[in-house]
Amino acid sequence: MTLLFKKGSLQDKLKAIALATYTHSRNLSLFVVTYKCLVGAQRWWQGKEGQLHSFLAACVGGWLVFGDNNHINSQINMYLLSRVLFGLSRLAVEKGYLPVTKRDPFPLFATLVWGLVLWLFEYHPHTLQPSLQSSMTYLYDDSNVWHDLSDFLVYNKKRT
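The following refers to the structure shown. (Residues numbered from 1 in each chain as written. Predicted model: local features only at pLDDT ≥ 70, side-chain atom pairs only at ≥ 80, totals over all residues. Heavy atoms only, no water.)

**Section: the overall build of the chain**
Here is step 1: Along the chain, the regular secondary structure elements total 7 helices and 0 strands.
Here is step 2: When the elements of the chain are put in sequence order from the N terminus, they spell out α-α-α-α-α-α-α.
Here is step 3: Across the 160 residues of the chain, 18% fall into the buried class.
Here is step 4: Carbon and sulfur atoms form 67% of the exposed surface of the chain, whose accessible area is close to 12600 Å². (Helix = DSSP H or I, 4+ residues; strand = E, 2+ residues; numbered from the N terminus. Buried < 20%, exposed > 50% of the residue type's maximum accessible area, 1.4 Å probe, protein only. Areas by Shrake-Rupley, 256 points an atom, 1.4 Å probe, with all protein chains shown as cover.)

Below is the structure:
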């Protein structure tokens, strides 16, 4: 995505990719160490491990490591949010809080997600994350103007 949508030279884009990869891997490793240490400390202190230990350790690790509002943490947190919502939905069905559906609910999910994201993009774009705004601008606005075949094959950006 960086190569396609980010502005700047190839060297700048490659540096951005390397920095993002480093930040992502560093944050994940710091989180794992923090989480494991806190779960271990709680187990040692109470003499057993409980579900709350995992939750509390992850909350503290999430706050310490992923609480800084930057583009890497934002991407990771949004990725996890989508997976958490799916998991909680399945758990709610498993526990009987939501009924088992006769039809696959995925088409409804896809309908709502795409309807909402395009509505936000068209009428409230400032609410979307900058990288999503950039991708959607390229796909839905910049694609309104075509100059030649290279726009289709390489990259279509409004020419000034």
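**Overview of the pattern of salt bridges**
Here is step 1: Following the criterion strictly, the structure yields 1 salt bridge and no others.
Here is step 2: One salt bridge connects Arg43 with Glu49, and the closest N-O pair in it is separated by 2.9 Å. (Salt bridge = Lys/Arg side-chain N within 4 Å of Asp/Glu carboxyl O.)

**Overview of the packing of aromatic side chains**
Here is step 1: Tallied over the entire structure, the rule returns 6 aromatic pairs.
Here is step 2: Consider the rings of Phe121 and Tyr140, whose centres lie 6.1 Å apart with planes at 50°: the pair is tilted. In this pair, Phe121 is assigned in helix 5 (residues 106-123) and Tyr140 in helix 6 (residues 130-141), connecting sequence segments 19 residues apart.
Here is step 3: Exposure remark for Tyr140: the relative accessible area of 32% places this residue in the partly exposed category.
Here is step 4: Through pairs of rings, three or more aromatic residues link up here, namely Phe31, Tyr35 and Phe66. (Phe/Tyr/Trp six-rings, centres within 6.5 Å; stacked < 30°, edge-to-face > 60°.)

**Observations concerning the packing of helix 2 (residues 10-46) against helix 3 (residues 51-66)**
Here is step 1: The interhelical angle for the contact between helix 2 and helix 3, taken along N-to-C directions, is 145°, at an axis separation of 8 Å. As for the relative orientation of helix 2 and helix 3, their crossing is right-handed in sense. Together, Asn27, Leu28, Leu30, Phe31, Thr34, Tyr35, Leu38, Val39, Gln42, Arg43 and Gln46 of helix 2 and His53, Ser54, Leu56, Ala57, Ala58, Val60, Gly61, Gly62, Leu64, Val65 and Phe66 of helix 3 make up the contact between the two elements. (Axes fitted to C-alpha atoms, helices over the stretch in contact; angles between N-to-C directions. Left-handed = near helix turned anticlockwise from the far one by under 90°. Contact = heavy atoms within 4.5 Å.)

**Let's talk about a nonpolar patch on the surface**
Here is step 1: Taken together, Tyr79, Leu80, Leu81, Val84, Leu85, Leu88 and Leu91 make up a surface patch of nonpolar side chains, about 650 Å² in accessible area.
Here is step 2: Mapped onto the elements of the fold, Leu80 is located in helix 4 (residues 71-94).
Here is step 3: The class of Leu80 is partly exposed, set by a relative accessible area of 43%. (Patch = residues over 30% accessible without salt bridge, like charges linked within 9 Å, V, L, I, M, F, W, Y side chains within 5 Å.)

**Topic: the packing of helix 5 against helix 6**
Here is step 1: Two elements in contact, helix 5 and helix 6, have axes whose closest approach is 11 Å; the angle formed by their N-to-C orientations is 90°. Relative to helix 6, the element helix 5 lies roughly perpendicular. For the pair helix 5 and helix 6, the contacting residues are Trp114, Val117, Leu118 and Phe121 in the first and Leu132, Gln133, Met136, Thr137, Tyr140 and Asp141 in the second.
Here is step 2: Residue classes in the contact of helix 5 with helix 6 are distributed as 7 nonpolar, 2 polar and 1 charged. (Parallel < 35°, antiparallel > 145°, perpendicular 65-115°, else oblique. Nonpolar A, V, L, I, M, F, W, Y, C, P; charged D, E, K, R; others polar.)

**Points about the side chain of Gln42**
Here is step 1: Tracing the backbone through its elements, the reader meets Gln42 in helix 2.
Here is step 2: When its relative accessible area of 16% is taken as the criterion, Gln42 is described as buried.
Here is step 3: Here His53 takes part through its backbone oxygen, which lies 3.0 Å from a polar atom of the side chain of Gln42.
Here is step 4: When neighbours within four sequence positions are excluded, Gln42 is seen to be in contact with Gly47, Lys48, His53, Leu56 and Ala57. (Polar contact = N/O pair within 3.5 Å; in protein donor to acceptor, adjacent residues only side chain to side chain.)

**Some thoughts on the environment of Leu118**
Here is step 1: Following the sequence through the fold, Leu118 ends up in helix 5.
Here is step 2: Taking the C-alpha atoms as reference points, Leu118 and Tyr140, separated by 22 residues in sequence, lie 9.4 Å from one another.
Here is step 3: Residue contacts for Leu118: discarding those within four places in its chain leaves Met136 and Tyr140.

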